[in-house]
Amino acid sequence: MENYNKTVSSRFFLLGLPTLLHLEVLGSLLLVVIYIITLLGNGLLLITVRISPILHTPMYFFLCNLSLIDICLSSTIVPIILINTVSTDKSISVGGCIFQMFFSLVFGVAECLLLSVMAYDRFVAICRPLHYSSIMNIRFCVILAVTPWIVGVINSSTQVPLTWRLPFCKSHHINHFFCEVPPLLKLSCKDPWLNEVAAFVAAGIFVFWSFPLTFISYVYIIRTILKIRSSQGRQAAFSTCTSHITVVTLYYGALMFMYLQPSSS
């Protein structure tokens, strides 16, 4: 391509969800309900923990951080989906696309790392109960909670500028329901090898570090729980992990569904 700067458009078009009218209406209603439940559920958790001194523990501190990330992540993506679904104008400005891409990466990475932090917290609580208070002190908990946010910002500050340095001259129709790096790379008329390397390195650092850490933590947790002689003791110990296990399963299940599918037309 000769003149890359002439290929820059002020708007992109999100193809995303099905175009059939009855599916758009049904999908919009479902998204609204899920979004409202997400905001109310996570908001209620934040308020409850804030006003209940008995819940001022490391576990609920990390849960509050996870709730805040969920609120921010869904608010970054869902409103744009709803607007583009019910509107005839499916476009999004370049500035809006950059904003959405940057913050969705921040919150996505932060959630991935925070889940491994929460697994470590459960590991210390169950496998090192006598040392829990000294290990999970306030200063260490704040460091563990802030680090995922910092790493998420650093990752986005790397990935987003690299993406938007590319010339998008193949098309301006993004085959996705929000602005994300992989669909945009397909629109570039320049080889995005540097972007692919950066994305691969980021995935290796975040996902393939976070998931094994979570998995190893639960191997030790389950082994410790099985050593408890009392069935009530085993049930009580395991009950503190069930909500986190559910979130981890949903999170990584969604990641695998979205990104590990074989390519097709």
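See above for the structure.
Being a predicted model, the structure only gives us computed values, none of them experimental. Think of each chain on its own: its residues are numbered from 1, step by step along the sequence as written. Only residues with pLDDT of at least 70 get local features here, since the model is predicted, and only at 80 or more are side-chain atom pairs given and counted; chain-wide, interface and lining totals rely on the full set of residues. The basis for the side-chain values is all heavy atoms of the structure; hydrogens and waters are excluded.

## Things to note about the overall build of the chain
Link 1 in the chain: Helix and strand assignments follow DSSP, with helices taken as H or I runs no shorter than four residues and strands as E runs no shorter than two, numbered in order from the N terminus. When helices and strands are tallied, the chain shows eight helices and three strands.
Link 2 in the chain: The helix and strand sequence of the chain, counted from the amino end, reads β-α-α-β-α-α-α-β-α-α-α.
Link 3 in the chain: Only protein chains enter the calculation, and the probe is 1.4 Å; a residue is then buried if its accessible area is under 20% of its type maximum, exposed if over 50%, and partly exposed in between. Considering the chain as a whole, with its 265 residues, one finds that 40% of them fall into the buried category.
Link 4 in the chain: Throughout, a residue-residue contact means that at least one pair of heavy atoms, one from each residue, lies within 4.5 Å. Sequence-distant contacts in the chain: of pairs separated by 6 or more residues, those separated by 24 or more amount to 78%.
Link 5 in the chain: Only the protein chains shown count as covering a residue, and every accessible area follows the Shrake-Rupley method with a 1.4 Å probe. For the chain, the exposed surface amounts to about 15,600 Å²; the carbon and sulfur share of it is 71%.

## Re the pairing of strand β1 (residues 11-14)
Link 1 in the chain: In β1, alternate side chains face the same way, and those of Phe-12 and Leu-14 are buried while those of Arg-11 and Phe-13 on the opposite face are not.
Link 2 in the chain: Strand pairing is defined by DSSP finding a minimum of two bridges between the two strands. Sheet analysis places β1 next to strand β2 (residues 91-93), joined by three bridges and oriented antiparallel. Within β2, the residue paired with Phe-12 across the bridge is Ile-92.

## Quick look at the packing of helix α3 (residues 94-127) against helix α5 (residues 138-164)
Link 1 in the chain: The axes are straight lines fitted to the C-alpha atoms, using for helices just the contacting stretch, and the angles between their N-to-C directions are given from 0 to 180°. α5 packs onto α3 with a crossing angle of 145° between their chain directions and a minimal axis gap of 8 Å. As for how α3 packs across α5, the hand of that crossing is right-handed.
Link 2 in the chain: For the contact of α3 with α5, a count of residues per class yields 22 nonpolar, six polar and no charged. Crossing handedness follows the turn of the near helix against the far one: under a right angle anticlockwise gives a left-handed crossing, and clockwise gives a right-handed one. Each residue gets one label: Ala, Val, Leu, Ile, Met, Phe, Trp, Tyr, Cys and Pro are nonpolar, Asp, Glu, Lys and Arg are charged, and the others, such as Gly, are polar.

## Overview of the side chain of Ser-156
Link 1 in the chain: Looking at where Ser-156 falls in the secondary structure, it is placed in helix α5.
Link 2 in the chain: A 3.5 Å cut-off defines polar contacts: any pair of N or O atoms within that distance qualifies, except that in protein one atom must be a possible hydrogen donor and the other a possible acceptor, and neighbouring residues in sequence count only when both atoms are side-chain atoms. Looking at Ser-156, its side chain comes within polar contact range of the main-chain oxygen of Phe-102, at 2.8 Å.

## Structural notes on α5
Link 1 in the chain: Look at α5: 40 Å from first C-alpha to last across 27 residues, which is about the 39 Å you get at 1.5 Å a residue.
Link 2 in the chain: Approximately 25° is the largest bend angle found in α5, and it occurs at Val-146, with the proline Pro-148 only one to four residues beyond.
Link 3 in the chain: Those residues of α5 not exposed but buried are Cys-141, Leu-144, Ala-145, Pro-148, Gly-152, Asn-155, Ser-156, Gln-159, Val-160, Leu-162, Thr-163 and Trp-164.
Link 4 in the chain: Against β1, α2 (58-86), α3, α6 (181-185) and α7 (193-226) lie the buried residues of α5. Multiplying one less than the number of residues by 1.5 Å gives the expected span of a helix. Think of it this way: the bend at a residue is just the angle between two axes, each fitted to seven residues, one set ending at that residue and the other starting at it.

## Quick word on the pattern of salt bridges
Link 1 in the chain: One speaks of a salt bridge when a side-chain nitrogen belonging to Lys or Arg is within 4 Å of a carboxyl oxygen belonging to Asp or Glu. What the rule picks out here adds up to one salt bridge.
Link 2 in the chain: Notably, a salt bridge pairs Arg-122 with Asp-121, separated by 3.0 Å at the nearest N-O pair.

## Comments concerning the nonpolar core
Link 1 in the chain: Nonpolar core, defined: a set of buried Ala, Val, Leu, Ile, Met, Phe, Trp, Tyr and Cys residues in which side-chain atoms within 4.5 Å join the residues together. Counting residues in each nonpolar core, the largest one holds 34 residues, and the members touching the most others are Phe-62, Leu-114, Leu-115, Met-118, Met-136 and Ile-221.
Link 2 in the chain: When contributions to this core are tallied by element, the ones reaching two or more residues are α2, α3, α5, α7 and α8 (231-259).
Link 3 in the chain: Of the residues forming this core, the biggest block, 13 residues, is contributed by α3.
Link 4 in the chain: Sequence-distant contacts of Met-136, that is, excluding residues within four places in its chain, are made with Pro-58, Phe-62, Tyr-120, Asp-121, Val-124, Cys-141 and Leu-144.

## What about the packing of aromatic side chains?
Link 1 in the chain: Here a Phe, Tyr or Trp ring, Trp counted by its six-membered ring, pairs with any other such ring whose centre lies within 6.5 Å, and the pair is stacked when the planes are under 30 degrees apart, edge-to-face when over 60, and tilted otherwise. Taken as a whole and judged by the stated rule, the model has twelve aromatic pairs.
Link 2 in the chain: One aromatic cluster is present, built from ring pairs that chain together Phe-99, Phe-102, Phe-103, Phe-107 and Trp-149.

## Here we look at a nonpolar patch on the surface
Link 1 in the chain: On the surface, Phe-61, Ile-138, Val-142, Val-146, Ile-150 and Ile-154 cluster together to form a nonpolar patch covering roughly 540 Å² of accessible area.
Link 2 in the chain: The dominant element in the nonpolar patch, judged by the number of residues it contributes, is α5, at five residues.
Link 3 in the chain: With respect to the helices and strands, Val-146 occurs in helix α5.
Link 4 in the chain: Given the relative accessible area of 39%, Val-146 is considered partly exposed. Any residue with relative accessible area above 30% and no salt bridge may belong to a patch, with like charges joined within 9 Å and the nonpolar Val, Leu, Ile, Met, Phe, Trp and Tyr side chains within 5 Å.

## Remarks on the state of the cysteines
Link 1 in the chain: Two cysteine sulfurs form what is called a disulfide whenever their separation falls within 2.5 Å. This model, assessed by the stated rule, comprises one disulfide.
Link 2 in the chain: Through a disulfide, Cys-97 is tied to Cys-179; the S-S separation comes to 1.9 Å. Its torsion about the S-S bond being -115°, the disulfide of Cys-97 and Cys-179 is classed as left-handed. Here Cys-97 is found in helix α3, whereas its partner Cys-179 is found in the loop between β3 (173-174) and α6, with 82 residues between them in sequence.

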